[in-house]
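Structure at a glance
Spelled out from the first residue to the last, the chains are:
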Amino acid sequence: MTTSSETEFLATVPNQLYIGGQWVDAEGFATLDVLDPATGESIRAIADASPADGIRALDAAVAAADDWAATAPRVRGEILRRAFDLLQERKEQFALLMTLEMGKPLAEARGEVAYGGEFLRWFSEEAVRISGRYGQNPEGTATMVVSERPVGPCFLITPWNFPLAMATRKIAPALAAGCTVVVKPAELTPLTTLFFAQLLEDSGLPAGVLNVITTSTSGPVSEPIISDPRLRKLSFTGSTAVGQKLIAQSATNVLRTSMELGGNAPFVVFDDADLDKAVEGALLAKFRNIGQACTAANRFIVQESVAEEFGRRIAERVAGFTIGRGTDDGVDIGPLINDKAVDKADALVQDALSRGASLVTGGKRIEGAGSFYEPTVVAGVVAGSDILREEIFGPVVSIVTFRDEDEGVRLANDTEYGLVSYVFTRDLARGQRMIDRLDTGMMGLNVGVVSNAAAPFGGVKMSGLGREGGLEGIHEYLSTKYTLIPHS
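Residues numbered from 1 in each chain as written. Predicted model: local features only at pLDDT ≥ 70, side-chain atom pairs only at ≥ 80, totals over all residues. Heavy atoms only, no water.

1. Structural notes on the overall build of the chain
Each helix and strand in the chain was counted, giving 16 helices and 24 strands. Taken along the three principal axes of its C-alpha coordinates, the chain extends 75 × 65 × 40 Å. Split into buried and exposed, the 488 residues of the chain put 57% on the buried side. In the chain, of all internal contacts separated by at least 6 residues, the share reaching a separation of at least 24 is 73%. Once the 45 positive and 63 negative side-chain charges of the chain are each reduced to a mean point, those two points are 5 Å apart. (Helix = DSSP H or I, 4+ residues; strand = E, 2+ residues; numbered from the N terminus. Buried < 20%, exposed > 50% of the residue type's maximum accessible area, 1.4 Å probe, protein only. Contact = heavy atoms within 4.5 Å. Lys, Arg positive; Asp, Glu negative; His and termini not counted. Charge placed at Lys NZ, Arg CZ, Asp CG, Glu CD.)

2. Focus on the sheet that holds strand β17 (residues 376-379)
Here 7 strands make up an open sheet; going across it, the order is β14-β17-β18-β13-β12-β20-β21 and the pairing mixed. Of all strands in the sheet, those bounded by a partner on one side alone are β14 (358-361) and β21 (442-445). Strand after strand, the sheet turns through a mean of 25 degrees between neighbouring axes, direction not considered. The sheet contact formed by β17 and strand β18 (residues 396-402) spans 3 bridges and is parallel. (Pairing = 2+ DSSP bridges. Axes fitted to C-alpha atoms, helices over the stretch in contact; angles between N-to-C directions.)

3. Some words on the environment of N452
Tracing the sequence through the fold places N452 in the loop between β21 and β22 (460-461). Exposure remark for N452: the relative accessible area of 43% places this residue in the partly exposed category. Considering only alpha carbons, one finds N452 and G469, 17 residues apart in sequence, at a separation of 7.5 Å. A distance of 2.9 Å separates the side chain of N452 from the backbone nitrogen of A454, its partner in a polar contact. (Polar contact = N/O pair within 3.5 Å; in protein donor to acceptor, adjacent residues only side chain to side chain.)

4. Some remarks on the sheet that holds strand β24 (residues 478-486)
Spatially, the 3 strands line up as an open sheet ordered β5-β6-β24, and their pairing is antiparallel. Lying at the two open borders of the sheet, with one neighbouring strand each, are β5 (133-136) and β24. For this sheet, the mean inter-axis angle between neighbouring strands, taken without regard to orientation, is 15 degrees. Relative to strand β6 (residues 142-150), β5 runs antiparallel, the two being bridged by 4 bridges. Bridged to G135 within β6 is M144.

5. A few points about the nonpolar core
Generally speaking, nonpolar side chains in soluble globular proteins are found buried as a group. By size, the foremost hydrophobic cluster in this structure holds 65 residues, and its most contacted members are I171, L175 and L210. Top element by residues in this core is helix α6 (residues 165-177). It accounts for 9 residues. Beyond its immediate stretch of four places on either side in the chain, L175 contacts W68, R76, L80, V181, L200, L205 and V209. Among the nonpolar cores identified, the runner-up in size contains 53 residues, and L275, C294, A357 and I392 belong to it. (Core = buried A, V, L, I, M, F, W, Y, C linked by side-chain atoms within 4.5 Å.)

6. Focus on the environment of E304
Along the chain, the position of E304 falls in helix α11 (residues 304-319). The exposure class of E304 is partly exposed, given its relative accessible area of 46%. The spatial distance from the C-alpha of E304 to the C-alpha of D25 is 59 Å, given a sequence separation of 279 residues. Once residues within four sequence positions are removed from consideration, E304 is found in contact with T401, F402 and R403.

7. Quick word on the packing of α6 against helix α7 (residues 191-202)
It is at 12 Å that the axes of α6 and α7 come closest, and there the two elements cross at 30 degrees. It follows from the interaxial angle that α6 and α7 lie roughly parallel. In this structure, α6 meets α7 at a crossing whose hand is right-handed. The residues of α7 that touch α6, namely those facing A167, T168, I171 and L175, are T193, F196 and L200. (Parallel < 35°, antiparallel > 145°, perpendicular 65-115°, else oblique. Left-handed = near helix turned anticlockwise from the far one by under 90°.)

8. Brief notes about the side chain of K104
Its place among the elements puts K104 in the loop between α4 (91-102) and α5 (106-126). By relative accessible area, K104 is classed as buried at 0%. Residues in contact with K104, not counting those within four places in the same chain, are T99, A109, E112, N161, F162, P163, N289, I290 and G326.

9. A short note on α11
Side chains three or four residues apart in an α-helix point the same way, a direct result of the helix having 3.6 residues per turn. For α11, which comprises 16 residues, the first-to-last C-alpha distance of 23 Å matches the rise-based estimate of 22 Å (1.5 Å per residue) to within 8%. Of the surrounding elements, those touching the buried residues of α11 are β12 (265-269), α10 (275-287), β13 (297-303), β14, β17 and β18. (Expected span 1.5 Å × (residues − 1).)

10. Some details on the packing of aromatic side chains
On inspection of all chains with the given rule, the structure shows 12 aromatic pairs. Taken together, a centroid distance of 5.8 Å and an interplanar angle of 35 degrees make the contact between F267 and Y422 tilted. One end of the pair, F267, is in strand β12; the other, Y422, is in strand β20 (residues 420-424), with 155 residues separating them in the sequence. For Y422, a relative accessible area of 2% corresponds to the buried category. A cation sits over an aromatic face here: R169 above F457, 3.9 Å from the ring centre. (Phe/Tyr/Trp six-rings, centres within 6.5 Å; stacked < 30°, edge-to-face > 60°. Lys NZ or Arg CZ within 6 Å of the ring centre and 35° of its normal.)

11. Some words on the pattern of salt bridges
Opposite charge on two side chains permits them to pair, given that their charged atoms come into close proximity. Summed over the entire model, instances satisfying the criterion amount to 32 salt bridges. Here E405 and R433 are joined by a salt bridge, their closest N and O atoms 2.7 Å apart. Of this pair, E405 sits in helix α14 (residues 405-413) while R433 sits in helix α15 (residues 428-437), and the two are 28 residues apart along the sequence. Residue classification places R433 among the partly exposed residues on the basis of a relative accessible area of 34%. One salt-bridge network, in which partners are shared between bridges, spans D272, E405, D406, R430, R433 and R437. (Salt bridge = Lys/Arg side-chain N within 4 Å of Asp/Glu carboxyl O.)

12. Quick notes on the pairing of β20
Of all 5 residues that make up β20, 5 are buried, and the element is covered over most of its length. Going residue by residue along β20, you find V420, Y422 and F424 tucked away on one face and S421 and V423 tucked away on the opposite face as well. Here 3 bridges tie β12 to β20, and the two strands are oriented parallel to one another. Directly across from V269, in β20, lies its bridge partner F424. Here 4 bridges tie β20 to β21, and the two strands are oriented parallel to one another. Paired with Y422 across the bridge in β21 is G444. Running through α15, the crossover from β20 to the neighbouring parallel element β21 is right-handed. (Right-handed = clockwise from strand over helix to strand, strands pointing away.)

This is the structure we're talking about:
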């Protein structure tokens, strides 16, 4: 049940569309309800945009594009820096809001505020470091000038699982590069993005540079924006299936695209690993965000001689987790985002058990209000199990064993996805080999969390295109221009 203080706070969060620097109602005053996954109750009714509203937002972004591109990089950077400072002042409000609309425990929500804020600080600094090249051509007859320019109006589609960090990871580099944006947050967790838009407005961001549309009909609203020839960039974080459709749509106008898609991360534990570190890393890699992360460890591939001990230690820790509403003190595991997510996690566990895996702990939904599933450990998972092929997106550890390094690598790479991998070994040479042998865009060596605003985030194969964060992140929003100036 939402408390009176929570209800009072929620009333201060914007519930309209943000277009051209104005908070406006959706066409026909349509609304949608945002639900608390811990209770199933509606916590806020917000504007439900139509396709026409989406085009209105793009109109505003296009109208503001030239002025924002011409704005001095230092000015753009200082606005982002003010946004970072304001976020620190409002961190408790943002953390509470994420917990209410997404379910993660408050401690994790505070961690997301810190992580998400770093993209504002990092790209505030990168705004003034956009550079090019200047030099003589090999023939000595002319000067070559290579410059970087903003790509133009961008459409950013963010997921529900990290409502703040996924917004800042896309918005900050776009604004730093001089691009205007239309942002469409996920229907399940839109409040954080609306609250963040208000923060950017308070930071001095000019009207029309950022526009936010919330909607329950993502496809019909997004399609006209993507097909509009004025749009020049599409960035999406979400499922591979949806990403494939968006890539196909973007081909018509040959849009620049960034796609951060699904994952099926292997967590490989060799027999020489420090098991204490491996267990701690596993808990972070699996249960952060209740397992609802594309970087979450999905397949625990453990060498035979240490598999039983590793499973025992993990199960002891998992069995001691406290489950509850994220706003309650001491909660380790909050609700999954909705009942559909619970059904999926349970179906994957039951399929693994039916094929011969053993249940070590957990393994069932929790009855009553909210979308809760027990943190679970399943051992002895056999080849062909759905849980080894599909992204779990829930608090479930699935353990499979291997004999030697070659088999471990084969099992780790046996997926169409390639976002991130985790390897635990004391052997430095083996760790170096894994960097080359594992087909993923990122790897954690003896660590369970790899994300950092200063590092390039992204995958290979069916896990996507492009990189977010790091030196590479701003270049996703820049186009390269070459000019030749003949010598007189």
